[in-house]
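# A structural walkthrough
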Amino acid sequence: MTAPRTLYDKIWDDHVVHQAEDGTCLLYIDRHLVHEVTSPQAFEGLRMTGRRVRAPEKTIAVPDHNVPTTLDRANAATMTEDSRIQVEALDKNARDFGINYYPVSDVRQGIVHIVGPEQGWTLPGMTVVCGDSHTATHGAFGALAHGIGTSEVEHVLATQTLIQRKGKNMKVEITGSLMPGVTAKDITLSVIGATGTAGGTGYVIEYCGQAIRELSMEGRMTVCNMAIEGGARAGLIAPDEKTFAYCMGRPHAPKGAKWEAAVAYWKTLFSDEGAHWDKVVTLKGEDIAPVVTWGTSPEDVLPITGVVPAAADFTGGKVEAAQRSLDYMGLTPGMKLTDIKIDTVFIGSCTNGRIEDLRAAAAILKGKKIKDGMRAMVVPGSGLVRAQAEEEGLAQIFLDAGFEWRLAGCSMCLAMNPDQLKPGERCAATSNRNFEGRQGRGGRTHLLSPAMAAAAAITGHLTDVRTLM
Amino acid sequence: MDKFTRLTGIAAPMPLVNIDTDMIIPKQFLKTIQRSGLGKNLFDEMRYTQDGAEIPDFVLNQPAYRSAEIIIAGDNFGCGSSREHAPWALLDFGIRCVISTSFADIFYNNCFKNGILPIVMPQEVVDVLMADARKGANARVTVDLEAQTVTTSDGQSFAFDVDGHRKHCLINGLDDIGLTLEKAASIDAFESRNTALRPWA
């Protein structure tokens, strides 16, 4: 009888190709997702050494970071020269190396972390990597998924493996149920608020508990997406009937007898009773409020009912960092978070660009108008999310409210395309990072849920969405 | 990859915690298809004004630190994205070693792939090194990877830990891919087993 294992232990064990005496492992990679920003140097490396892509059928590429999201993007002039070169390089690399590809012109194009699950590439028990830290998203399926650098992208392309040392096991349990107006985004931000941005460093987090079980697959992806913001390379959620239902019938999910065999295997993917955890964090679902960030680190999280803190409220190196954040964000300690005025609203990203996110925002916006002078945009996570939202009438709600209705891409989450903040502009964003300059030099970012972003768009300031429900 | 054995150089103090990858190399410089040339944009938004003038207070703009090869940093250095452009920019500027109490995982890993040595030290040692770095250009720190020690300008020496495999690769300037391809038979065998066990994958 083997010792009780965590979900992470089980997936790890099933992917070890070779283990060296010092514990360094060669880990097999089931799915390799690729985008245009972190891959050109890796493909160039293959060319220079005459190497091929070992498993092109397990390699999936889609351009997302640079692509314009305006309706005229088929016109190459909407892209800057350097962006265009990166996207064209991916076109060429996908063609030359024979990998699966969703070009900008394909309706299935979108953010790599939304396209992977949507097309059924991401399945429970797999190892999934991508040259992007938000690869953690795929952990929602009970897949071991994490970001890698470009040298590792090249390594996976050439060998379909990664050299890894095993991380530690951390359990994050959310007990009970969420209160109305509280979403997956509030869970994941609240966990980071509790652990800090380095709290998960060296760990793989498994999220569990009733509140996690009660989330849809979309919500679970939102939770795992931000594991990296808590320092953990990967977040995991054990697969269950909701997971299987989501995967069933997707283009690259197994069919027939293979499906039956897959589900039987997937049902073994859970942490055993008595498995060892190196760290445990527990939050009560009912204690979690709708939250926003006030500073320039995702750990700078407070319930919307709170006030802006002072640097003196912190200790150690955080005192200087908090003061720097307050100066950058142009905030005064003691002011109510709901008094912070917003001029831009961004709904989208791999964190909150899925259909459920658009439904949540549209539910708040229905029959309402955004504040005069507000710049508000919805950027669906994929062409298919966009099509579904149009079919459900959500697009019309956004347009009637005064939002721009865009094509799919990463957009203003990291502002590599033309969607950027100007210095001093202040954005309520459903994305994942509020770092200095993230959405444009001098731009100020408050992270929140799609429903909270919609509320801010209506009132013109950070708003407790529960007052509009 | 350049070998890393022993380095004596100027250490720049950067005590701010959570220095993220967007600070190290902002996204507008990720639109390159090359690895080189990013050094001039290292810490771009901390280092230059909007019109490109140097901000004199920023540590790497100060005369004493313009040719720094080591950074002594606050907690959780390199948090944020997986962009390898961050170590590429550090390397292109001339930084070969970063010392902090903690690093973000992906950044830490990316450093080793590029001949940069990230060293984790306890707070009290980082405090000593930070104070030493603040002395300026005459205070040269020595990092000896073979002996696994960091020595301050006044001769205080501290031991550090490093993974054996990574140390071996750094000292010899080895390419991981070449090493892994030597295990191609193990990968083939794994794939055969896996196709039987998990045919859908």
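Each remark here, short or long, concerns the structure printed above.
Residues numbered from 1 in each chain as written. Chains lettered and ligands numbered in written order. Predicted model: local features only at pLDDT ≥ 70, side-chain atom pairs only at ≥ 80, totals over all residues. Heavy atoms only, no water.

## A word on the layout of surface pockets
Under the convention used in this document: Method remark: on a 1 Å grid restricted to protein atoms, a set of points is classed as a cavity if a 1.4 Å probe fits but cannot get out and as a pocket if it is open with protein on both sides within 12 Å along at least five of seven lines; lining residues have an atom within 4 Å of a point. Grid points are joined across faces, edges and corners, and a volume is the space filled by probe spheres set on the points. Put simply, DSSP marks the helices as runs of H or I at least four residues long and the strands as runs of E at least two long, and each gets a number from the N terminus on. Here the term charged refers only to Asp, Glu, Lys and Arg, the term nonpolar to Ala, Val, Leu, Ile, Met, Phe, Trp, Tyr, Cys and Pro, and the term polar to all other amino acids, Gly among them.
Each pocket or cavity is described by its volume, and for the second largest pocket that value is around 550 Å³. Lining the second largest pocket are 26 residues, with Arg324 and Glu436 of chain A together with Leu16, Met46 and Phe58 of chain B positioned closest to its centre. Breaking the lining of the second largest pocket down by element, the ones donating at least two residues are α11 (318-329) of chain A together with β1 (6-14), α1 (21-24) and α2 (44-47) of chain B. Class assignment for the residues of the lining of the second largest pocket results in 14 nonpolar, three polar and nine charged.

## Some details on the packing of aromatic side chains
Stated formally: Two rings from Phe, Tyr or Trp (for Trp, the six-membered ring) form a pair when their centres sit within 6.5 Å of each other. Planes less than 30 degrees apart are called stacked, planes more than 60 degrees apart edge-to-face, and all others tilted. With a 1.4 Å probe rolled over the protein chains alone, any residue whose accessible area is under 20% of its type maximum counts as buried; one over 50% counts as exposed, and the rest are partly exposed. We call a charge positioned above a ring when the Lys NZ or Arg CZ atom is no farther than 6 Å from the ring centre and deviates by at most 35 degrees from the ring normal.
Here the structure, examined in full by the defined rule, presents 17 aromatic pairs over all chains. Ring geometry for phenylalanine 244 of chain A against tryptophan 266 of chain A: centres 5.9 Å apart, planes inclined by 25°, an arrangement best described as stacked. Of the two residues, phenylalanine 244 of chain A sits in helix α9 (residues 241-247) while tryptophan 266 of chain A sits in helix α10 (residues 256-266), which places them 22 residues apart along the sequence. Considering the side-chain rings of tryptophan 266 of chain A and tryptophan 200 of chain B, the 6.3 Å spacing of their centres and the 85° angle between planes classify their relative orientation as edge-to-face. Separated into two different chains, tryptophan 266 of chain A in helix α10 and tryptophan 200 of chain B in the segment after α8 (184-197) make up a pair that spans both. With respect to burial, tryptophan 266 of chain A and tryptophan 200 of chain B carry one shared label: buried. Through a chain of ring-to-ring contacts, three or more aromatic side chains come together here, namely Phe244, Trp259, Tyr265 and Trp266 of chain A together with Trp200 of chain B. Taking the ring centre of tyrosine 246 of chain A as reference, the NZ or CZ of arginine 250 of chain A above it sits at 3.9 Å.

## Description of the pairing of strand β2 (residues 70-73) of chain B
As a reminder, the rule being used: Here is how to tell: hold the view so the strands point away, follow the path from the first strand over the helix to the second, and if it runs clockwise the crossover is right-handed.
Here β2 of chain B shows two buried faces, one formed by Ile70 and Ile72 of chain B and the other by Ile71 and Ala73 of chain B. Note that the unit made of β2 of chain B, helix α3 (residues 85-93) of chain B and strand β3 (residues 97-100) of chain B has a crossover that is right-handed.

## Topic: the side chain of arginine 354 of chain A
Residues and elements named next belong to chain A. Quick note on the threshold: In this tally, Asp and Glu contribute negative charge and Lys and Arg positive charge; neither His nor the terminal groups of the chain are included. Salt bridges are defined as contacts in which a side-chain nitrogen from Lys or Arg sits within 4 Å of a carboxyl oxygen from Asp or Glu. Each polar contact in these results corresponds to two N or O atoms within 3.5 Å; when the atoms are within protein, one needs to be able to donate a hydrogen and the other to accept it, and residues that are neighboring in sequence are counted only if both atoms are side-chain atoms. Throughout, a contact is declared for two residues whenever any of their heavy atoms are within 4.5 Å.
With respect to the helices, strands and loops of the structure, arginine 354 is situated in the loop between α12 (349-352) and α13 (355-365). One buried charge, arginine 354, has no salt-bridge partner; the nearest side chain with opposite charge is aspartate 357, at 4.3 Å. A polar side-chain atom of arginine 354 sits 3.4 Å from a polar atom in the side chain of threonine 222. Setting aside anything within four residues of it in sequence, one finds arginine 354 in contact with His113, Ile114, Thr137, Glu218, Met221, Thr222 and Val385.

## Side note on helix α5 (residues 150-159) of chain A
In terms of burial, α5 of chain A is largely enclosed, as ten of its ten residues are buried. Glutamine 160 of chain A sits one or two residues past α5 of chain A and shows a positive phi near 60°.

## Overview of α10 of chain A
All names here are of chain A. Condition: Throughout, the arc means that of the directions going from the helix axis to the C-beta atoms.
When α10 is considered as a whole, its buried residues turn out to be Trp259, Ala262, Val263, Tyr265 and Trp266. Projected onto a plane normal to the axis of α10, the buried residues spread over an arc of 160° and lie on a single side. Of the exposed residues in α10, those oriented more than 90 degrees away from the buried face are Ala257 and Glu260. Of the surrounding secondary structure, the elements contacted by the buried residues of α10 are α9.

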